[in-house]
Amino acid sequence: MNRPIGYLNHLLLACLLAGLAALLPDASRAATQERPDEELRQVLIDAINSSDSFEDRFDAEVWLTDMSQRLQTRVRNPEERLVILKTVHYEARRAALEPELILALINVESNFDRFAISSAGAQGLMQIMPSTGRRLAAAMELQSFYHQQLYSPELNLRMSGWYMRAVLDKFKE
């Protein structure tokens, strides 16, 4: 029986991939099938159901689960971790930025410590100076602002997203 060359290439590729999968250690195959513990699973489900910055529930589930697993060594509390992730995603989308860019900057600036204070006095996840916080609060028309609020992930990330978008737009010209 004569088969087209494309069919043989696909069959060869399938066999090669099956062979490579068989060479993987059992632990690496099992890791992809591991389920989070029940408490973490419920926290993830609640976060997924309350997220409104994702295109759909599937995107929320994939992104939040993946990022939560990546950050579990930095932010041990699963509820706090998911608040940060949901807020990062929401504020990044709101400012037309990539959430992964914000996560990378948080990693460098504060190592995900929302109470971090730099030697210069910058505060929170994205290390905002209190004087910058006051200027941003005025520009964003926030009614009252106290520099202690920079420790709040929601306000810190909202201000940072707004500020990053303004700076990127200014230097894009």
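Predicted model only: the values in this text are computed from it and were never measured.

Another aspect to go through is the overall build of the chain. What the chain contains, in helices and strands, is eight helices and zero strands. By the burial criterion, 34% of the 173 residues in the chain qualify as buried. A sequence separation of at least 24 residues applies to 47% of the contacts in the chain between residues at least 6 apart. Summed over all atoms, the accessible surface of the chain reaches about 11,400 Å², with 56% contributed by carbon and sulfur.

Counting 22 residues, the largest nonpolar core has L85, I102, L103 and I106 as its most contacted members. The set of elements that each furnish at least two residues to this core consists of α4 (57-71), α5 (78-94), α6 (99-110) and α8 (153-172). In this structure L85 touches W63, L64, M67, S68, L71 and L103, once residues within four positions along its chain are discounted.

Let us look at the confidence of the model for the chain. Averaged over every residue, the pLDDT of the chain is 80; the share at 70 or more is 71%. For the chain, the element scoring lowest by mean pLDDT is helix α2 (residues 26-31), at 43; α6 scores highest, at 96. Here residues 3-32 scores under 50 on pLDDT; set against residues more than four positions off or in separate chains, the count is three contacts.

On to the pattern of salt bridges, then. One pass over the structure, following the stated rule, counts five salt bridges. We note a salt bridge from D66 to R70, for which the minimum N-O separation is 3.2 Å. Taken as a pair, D66 and R70 lie in helix α4 at a separation of four residues, close to a single helical turn. According to the relative accessible area criterion, D66 is partly exposed, its value standing at 31%. Judged by relative accessible area, R70 falls into the exposed class, the value being 54%. Across the pair R165 and D169 runs a salt bridge whose closest N-O atoms are separated by 2.7 Å. You can see R165 and its partner D169 sitting in helix α8, four residues apart, about one turn around the helix. One network of salt bridges, with partners in common, ties together E91, R94 and R158.

Rules used throughout
- Residues numbered from 1 in each chain as written.
- Predicted model: local features only at pLDDT ≥ 70, side-chain atom pairs only at ≥ 80, totals over all residues.
- Heavy atoms only, no water.
- Helix = DSSP H or I, 4+ residues; strand = E, 2+ residues; numbered from the N terminus.
- Buried < 20%, exposed > 50% of the residue type's maximum accessible area, 1.4 Å probe, protein only.
- Contact = heavy atoms within 4.5 Å.
- Areas by Shrake-Rupley, 256 points an atom, 1.4 Å probe, with all protein chains shown as cover.
- Core = buried A, V, L, I, M, F, W, Y, C linked by side-chain atoms within 4.5 Å.
- pLDDT = per-residue confidence, 0-100.
- Salt bridge = Lys/Arg side-chain N within 4 Å of Asp/Glu carboxyl O.

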